[in-house]
Amino acid sequence: MLGHTLEQKAVWIYRLASAVATLEAFFLFVFGMDLTPAQIWQFSLFGFPAPIVMYLLDRWLIARYVRPVQPVLTALDADQSVAPPQAVQAWVQALNLPTLTLIRVLTVHAPAVLLPLSLLCLLANWTAGLGLAGWQFIVLWFFWPITAAPHAIIEYFLIDRAMQPILARLDPWVRQQMAQPQPAATLPEVVQLAAGQQLPHPRIIRTTTAVQLAWMFAFVSLLPMLLLGTSTYFRLAAGRTATIGSWITLLVILNGLVSSAIVALLSSRMHNSMQELLAAMARVQAGELSGGWSPHSTDEFLDLDHGFNQMLSGLREREQLKDTFGRFVSREVATAVLNGRVPLGGERREVSILFQDIRGFTSLSEKLDPADLLQVLNLFFTEVVAAVEAEGGVVKQFTGDGVMALFGAPIAHPNDPERAVRAALRMVGQLDGLNARLSTRQVPPLRIGVGIHTGEVVAGRIGPDERVEYGVVGDAVNLASRIEGLTKEVQTTILVSKVTADRLGAQFRRGRAAVLPVKGKAQPVEVVEIIDEGELQGVAPETTPAQGDLCPLVRPEQ
């Protein structure tokens, strides 16, 4: 039950860090101020109330810091819904909490003990003869950075680790609200937050790399060096040189440990964030666009987070547009259009054009309710589209009871005529299974006719700027449609032009061939019947296609 233990966990971390800092401070006071055993006893006796003041102030601030977070976690533990503004407030506060902890330790915690300690030591000087010199009080205040830094390191990074699961838990509740970059807290707002006040609108305390380096320079380099130089100078001036070597050694070792810890922890944190970003990028490259990335950081990675997730959102929108667009044209055409590979003026291409329709569709329409007829067509077209796309073709348009498909535009293959014929054979092969399913609905068996022709067309965008579509124009389109019409007249299923037949491999088993007149054409067209593909059907391919007349031209009465 994380929501009920957040404050207790923060207090436990605070006590652990305080214990380490207290032990460190004891040795620093003893060696740095060169105290005698009697002074150590009086110093401890009179200074005892100072840590109590510090503890009470820290506990009060910790309680105020976790106040916006804890109720939200409690509600989530009880499986209750959380209002988005409240969730955002909790998320931002949890994100700010490590920085607020750092500010509290360095600017409130240390003075909270040093100020009353100084006053109590002055009182001890006057009343109990403690005997502290002025230089020792100056050195006492220079202990501020060197004693607060280890405490701050421990508490900052432990609080940061404790906040990670909380932020991850709140991520789904704030993802939409935090999609846009959030305003950074101004200096007066940071002061308000550090004092435990809540802002009307959540503000993130930005700790950029420049800010982090400035803090490191001040509390790890500048102030410790000032402490070392100042304390050494005063001790030399006061003639207190007996333990100066131990003091300098202790201070150098301690500062080295603190510096190493800060560098190691910050570099590890940056390394982990980089690895998470690289892993998120790898998922995107693999096509996984459903997730996101949240570094839970207030430095430049927060900006990378917004940029990365906005890019991911754009990719998802593009894929959604592509998918939606692909439902109306085809995925291949949609991809070509979105990638700018469809020239405005069109381009000449050799394509294989397939037309297909359903035999006796007019009588079928009379027998079925329009809603039932639409369901039958959708089932049928599902199989037809699958057959076309399995061979790399695109369905250009639905023609009521059939389709027009292209092989060679917008994507060309060296064997587009064979692909078109295989698609036609797949359509025919899938009919038995489809008819078996339709028979349960009392739908008569469907029969189809397919005509294919290969020729040169102009492919590109057709229509005004306000309403364009991808299409092909040319005599080859009309001829393919006429050949499909011939399948009805000569009672065959798949009919291709001789141009297409000449591009087919020997594995395709041809039927009869004939030269037939075509409506709208001055010259007759030589067409060839396709029976099957030998390898597909387990039939040995015929190296020499059968040649002969097709069935006598029959024009069934309409």
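For the structure, check the block above.
Treat the numbers as computed from the prediction; the structure is a model and nothing was measured.

Asks: How do you make sense of the overall build of the chain when you look at a structure like this?
Replies: Tallying secondary structure elements over the chain gives 17 helices and eight strands in all. Burial statistics for the chain: of 558 residues in total, 46% are counted as buried. Long-range pairs, those at least 24 residues apart, make up 75% of the contacts in the chain between residues at least 6 apart in sequence. Accessible surface for the chain amounts to roughly 27,500 Å². Of this, 61% is attributable to carbon and sulfur atoms.

Asks: I keep staring at helix α3 (residues 49-66) and nothing clicks. Help me out?
Replies: Owing to its 3.6 residues per turn, the α-helix brings residues three or four apart onto one side. Taking 1.5 Å of rise per residue, 18 residues should cover 26 Å, and α3 covers 26 Å from first to last C-alpha, within 8% of that figure. Of all the residues in α3, the buried ones are Ala-50, Met-54, Asp-58, Leu-61, Ile-62, Arg-64, Tyr-65 and Val-66.

Asks: Whenever I open this one, the packing of helix α6 (residues 134-174) against helix α9 (residues 244-285) confuses me. Can you help?
Replies: For any two helices packed against each other, the geometry comes down to the angle between their axes and how far apart the axes lie. Interhelical geometry of α6 versus α9 gives an angle of 25° and a closest axis separation of 11 Å. The orientation of α6 relative to α9 falls into the category roughly parallel. By crossing handedness, the relation of α6 to α9 is classed as left-handed. On the side of α6, the interface is formed by Phe-143, Ile-146, Ala-149, Pro-150, Ile-153, Tyr-156, Phe-157 and Asp-160, while α9 contributes Trp-247, Leu-251, Leu-254, Asn-255, Val-258, Ala-261, Ile-262, Leu-265, Leu-266 and Arg-269. Classifying every residue of the contact of α6 with α9 by side-chain character gives 15 nonpolar, one polar and two charged.

Asks: What is the right way to look at the side chain of Glu-391 in this model?
Replies: Structurally, Glu-391 can be placed in the loop between α13 (370-390) and β2 (394-398). Ignoring sequence-local partners within four residues, the contact set of Glu-391 consists of Phe-407, Arg-419, Arg-422, Ala-423 and Arg-426.

Asks: Any chance you could explain the side chain of Asp-416 here in plain terms?
Replies: Relative to the elements of secondary structure, Asp-416 occurs in helix α14 (residues 416-439). It turns out Asp-416 is buried and unbridged, and the closest side chain with the opposite charge, Arg-419, is 4.5 Å from it. Each residue touching Asp-416, except ones within four places of it in the same chain, is listed here: Ser-352, Phe-407 and Gly-408.

Asks: Which parts of the structure should I look at to understand the pairing of strand β3 (residues 403-407)?
Replies: Along any regular strand the residues' side chains alternate between the sheet's two faces. The buried fraction of β3 amounts to five of the five residues, a majority that puts the element mostly inside the structure. In this structure, strand β1 (residues 347-358) lies alongside β3, joined through five bridges in antiparallel fashion. Residue pairing across strands places Gln-356 opposite Val-403, the latter belonging to β3. Pairing between β2 and β3: four bridges, direction antiparallel. Bridged to Val-395 within β3 is Ala-405.

Asks: Explain unusual backbone geometry to me, please; I cannot follow it from the model alone.
Replies: Excluding glycine, residues mostly carry a negative phi; peptide bonds, for their part, are mostly trans. Residue Pro-410 is bonded to the preceding Ala-409 through a cis peptide linkage, with omega at 0°. Tracing the chain through its elements places Pro-410 in the loop between β3 and α14. Backbone geometry at Gln-442 places phi at a positive 60°, although glycine is not the residue there. Within the element layout of this structure, Gln-442 appears in the loop between α14 and β4 (448-462). Owing to a relative accessible area of 66%, Gln-442 belongs among the exposed residues under this scheme. Phi angles above zero are rare outside glycine, and Gln-491 is one such case at about 55°.

Asks: How should I be thinking about the packing of aromatic side chains in this particular structure?
Replies: Geometrically, a pair of aromatic rings is defined through the distance of the ring centres and the angle of the planes. Summed over the entire model, instances satisfying the criterion amount to four aromatic pairs. Residues Phe-380 and Phe-381 carry aromatic rings whose centres are separated by 5.6 Å and whose planes lie at 55° to one another, so their mutual orientation is tilted. An identical accessibility class is assigned to Phe-380 and Phe-381; each is buried. Of the aromatic side chains, those joined through ring pairs into one cluster are Phe-380, Phe-381 and Phe-398.

Asks: Mind showing me how you'd approach a nonpolar patch on the surface here?
Replies: The grouping of Leu-115, Leu-119, Leu-122, Leu-123 and Trp-126 at the surface amounts to a nonpolar patch, some 550 Å² of accessible area in total. Mapped onto the secondary structure, Leu-123 falls in helix α5 (residues 84-128). Residue classification places Leu-123 among the partly exposed positions, given a relative accessible area of 39%.

Asks: Help me understand the nonpolar core in this model?
Replies: Here is a general trend for soluble globular proteins: nonpolar side chains tend to be buried in one another's company. Counting 75 residues, the largest nonpolar core has Met-33, Phe-43, Phe-143 and Met-163 as its most contacted members. In terms of residues, this core owes the most to one element, α6, which gives 17 residues. Met-33 has contacts with Leu-28, Phe-43, Leu-132, Trp-135, Gln-136, Val-139, Leu-140, Phe-143 and Arg-240, leaving out every residue within four places of it along the chain.

Asks: When you look at the pattern of salt bridges in this model, what are you seeing that I'm missing?
Replies: Side-chain pairs of opposite charge can arise where the charged atoms are in close proximity. Across all of its chains, the model carries 18 salt bridges by this definition. The partner of Asp-475 in a salt bridge is Lys-521, with the nearest N and O atoms 2.4 Å apart. With Asp-475 in helix α15 (residues 475-489) and Lys-521 in the loop between β7 (508-516) and β8 (525-533), this pair connects stretches of sequence that are 46 residues apart. A residue is classified by how much of its surface remains accessible, and Asp-475, at 44% relative accessible area, is partly exposed. With its nearest N and O atoms 3.4 Å apart, the salt bridge here joins Arg-512 to Glu-529. In this pair, Arg-512 sits in strand β7 while Glu-529 sits in strand β8, placing the two residues 17 residues apart along the sequence. Ionic contacts of the salt-bridge type, sharing partners, join the residues Asp-58, Arg-104 and Glu-155 into one network.

Thresholds applied
- Residues numbered from 1 in each chain as written.
- Predicted model: local features only at pLDDT ≥ 70, side-chain atom pairs only at ≥ 80, totals over all residues.
- Heavy atoms only, no water.
- Helix = DSSP H or I, 4+ residues; strand = E, 2+ residues; numbered from the N terminus.
- Buried < 20%, exposed > 50% of the residue type's maximum accessible area, 1.4 Å probe, protein only.
- Contact = heavy atoms within 4.5 Å.
- Areas by Shrake-Rupley, 256 points an atom, 1.4 Å probe, with all protein chains shown as cover.
- Expected span 1.5 Å × (residues − 1).
- Axes fitted to C-alpha atoms, helices over the stretch in contact; angles between N-to-C directions.
- Parallel < 35°, antiparallel > 145°, perpendicular 65-115°, else oblique.
- Left-handed = near helix turned anticlockwise from the far one by under 90°.
- Nonpolar A, V, L, I, M, F, W, Y, C, P; charged D, E, K, R; others polar.
- Lys, Arg positive; Asp, Glu negative; His and termini not counted.
- Salt bridge = Lys/Arg side-chain N within 4 Å of Asp/Glu carboxyl O.
- Pairing = 2+ DSSP bridges.
- Phe/Tyr/Trp six-rings, centres within 6.5 Å; stacked < 30°, edge-to-face > 60°.
- Patch = residues over 30% accessible without salt bridge, like charges linked within 9 Å, V, L, I, M, F, W, Y side chains within 5 Å.
- Core = buried A, V, L, I, M, F, W, Y, C linked by side-chain atoms within 4.5 Å.

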